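This is what each chain is made of:
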Amino acid sequence: GGFRPIGLIPWLPRIWMRARREIATHWERTHDRPYLYAGPAKGADVAAWKQAARAEHAVKCQLVYGIVLLDLVKAFERIRHGYLLEQAIVHAYPLWLLRRSLATYRLVRVVRIGNAISHKVQACRGITAGSGFATTEMRLAILTPLDRAHAEHPTVVSTAFVDDIACELASREEALLQHLVGFVLMVCEALE
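Small disclaimer: the values here were computed from a predicted structure and weren't measured.

Caption draft 1: Structural detail: the sheet that holds strand 1 (residues 64-71). The sheet built from 3 strands is open, its strands ordered 1-7-6 with antiparallel pairing. Each edge of the sheet is formed by a strand with only one pairing partner; in this case those strands are strand 1 and strand 6 (157-161). On average, each strand axis in the sheet is inclined to that of its neighbour by 15°, with strand direction left out of account. In terms of strand pairing, strand 1 meets strand 7 (residues 164-171) through 8 bridges, oriented antiparallel. By the bridge assignment for strand 7, Y65 is matched with A170. Against the sheet, helix 7 (residues 173-191) makes contact with strand 1, strand 6 and strand 7, and its axis sits at roughly 160° relative to strand 7, the strand it touches most.

Here's what the structure looks like:
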């Protein structure tokens, strides 16, 4: 229910994005992580089945199992372009590709809700959900926070599917509280 923004990208940038998609796909393959889903043999259903199996295994081993589900609200709309640039430099994402993509997002446009149409506006943050590079750029945005949280709390298993992140751990109660909560707080603070 409610309204969800949909960016209608002009045909020329859409063709350009489709023609350059392989470059983004190559970057994704070279920067893959075990926690990243939304790829070959890594759909949301695969992630859910693995989570269920880990939960059942924890019960069999008489461990405490905890899972925290993070849904990054308005994640695509809130990403700062400067942050994407910082992350592109850190993770060797092709800067020329990001520059063109951000230029497309910053094209002058109008907002329409029903029959009401706004004056011309220009976006200064956010990525357009549905664009040729949106999911790759979302992946770029979450790599550093998740990598850092994993380095600090290596026992936590996370699953990132575009803008949904699950963090889980099966252990003794004290370790679960320390590491699962610590992991989630690190990710939340970084993404804020």
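Caption draft 2: The arrangement of helix 6 (residues 134-152) in detail. Taking 1.5 Å of rise per residue, the 19 residues of helix 6 would be expected to cover 27 Å, and the 28 Å separating its terminal C-alpha atoms lies within 8% of that figure. I142 marks the point of greatest bend in helix 6, at about 35°, and the proline P145 comes within the next four residues. Taken across its 19 residues, helix 6 has 14 buried, putting it largely inside the fold.

Caption draft 3: Molecular detail of the pattern of salt bridges. Taken as a whole and assessed by the stated rule, the structure comprises 5 salt bridges. A salt bridge links E174 to R172; the nearest nitrogen and oxygen atoms lie 3.5 Å apart. Owing to a relative accessible area of 55%, R172 belongs among the exposed residues under this scheme.

Caption draft 4: Region of the structure containing the side chain of Q51. Checked against the element boundaries, Q51 lands in helix 2 (residues 44-60). Classification of Q51 as buried rests on a relative accessible area of 15%.

Caption draft 5: How the structure looks around the packing of aromatic side chains. This structure, assessed with the given rule, holds 2 aromatic pairs. Residues W16 and F133 carry aromatic rings whose centres are separated by 5.8 Å and whose planes lie at 80° to one another, so their mutual orientation is edge-to-face. Here the residue W16 occupies a position in helix 1 (residues 11-30), and F133 occupies one in the loop between strand 5 (121-122) and helix 6, the gap between them amounting to 117 residues. A ring pair is formed by W27 and Y93, whose centres lie 5.1 Å apart and whose planes are at 85°; its orientation type is edge-to-face. Here Y93 lies in the loop between helix 4 (81-90) and helix 5 (95-105) and W27 lies in helix 1, a separation of 66 residues in the sequence. Note on accessibility: W27 and Y93 belong to one class, buried. Its end group placed over the ring of Y37, K42 keeps NZ or CZ at 5.2 Å from the ring centre.

Caption draft 6: Representation of the pairing of strand 6 in the model. Pairing analysis gives 5 bridges linking strand 6 to strand 7, with the strands arranged antiparallel. When the bridges of strand 7 are listed, F161 appears paired with D164. Between the end of strand 6 and the start of strand 7, which pair antiparallel, lie 2 residues, with V162 showing a positive phi angle near 60°.

Caption draft 7: Geometry of a positive patch on the surface. Taken together, the side chains of K74, R78, R80 and R125 define a basic patch exposed on the protein surface. With respect to the helices and strands, R80 occurs in the loop between helix 3 (75-78) and helix 4. In this structure R80 comes out as partly exposed when scored by relative accessible area, which is 43%.

Basis of the calculations
- Residues numbered from 1 in each chain as written.
- Predicted model: local features only at pLDDT ≥ 70, side-chain atom pairs only at ≥ 80, totals over all residues.
- Heavy atoms only, no water.
- Pairing = 2+ DSSP bridges.
- Helix = DSSP H or I, 4+ residues; strand = E, 2+ residues; numbered from the N terminus.
- Axes fitted to C-alpha atoms, helices over the stretch in contact; angles between N-to-C directions.
- Contact = heavy atoms within 4.5 Å.
- Expected span 1.5 Å × (residues − 1).
- Bend = angle between axes of the 7 residues up to and from the residue.
- Buried < 20%, exposed > 50% of the residue type's maximum accessible area, 1.4 Å probe, protein only.
- Salt bridge = Lys/Arg side-chain N within 4 Å of Asp/Glu carboxyl O.
- Phe/Tyr/Trp six-rings, centres within 6.5 Å; stacked < 30°, edge-to-face > 60°.
- Lys NZ or Arg CZ within 6 Å of the ring centre and 35° of its normal.
- Patch = residues over 30% accessible without salt bridge, like charges linked within 9 Å, V, L, I, M, F, W, Y side chains within 5 Å.
- Areas by Shrake-Rupley, 256 points an atom, 1.4 Å probe, with all protein chains shown as cover.
- Lys, Arg positive; Asp, Glu negative; His and termini not counted.
- Charge placed at Lys NZ, Arg CZ, Asp CG, Glu CD.

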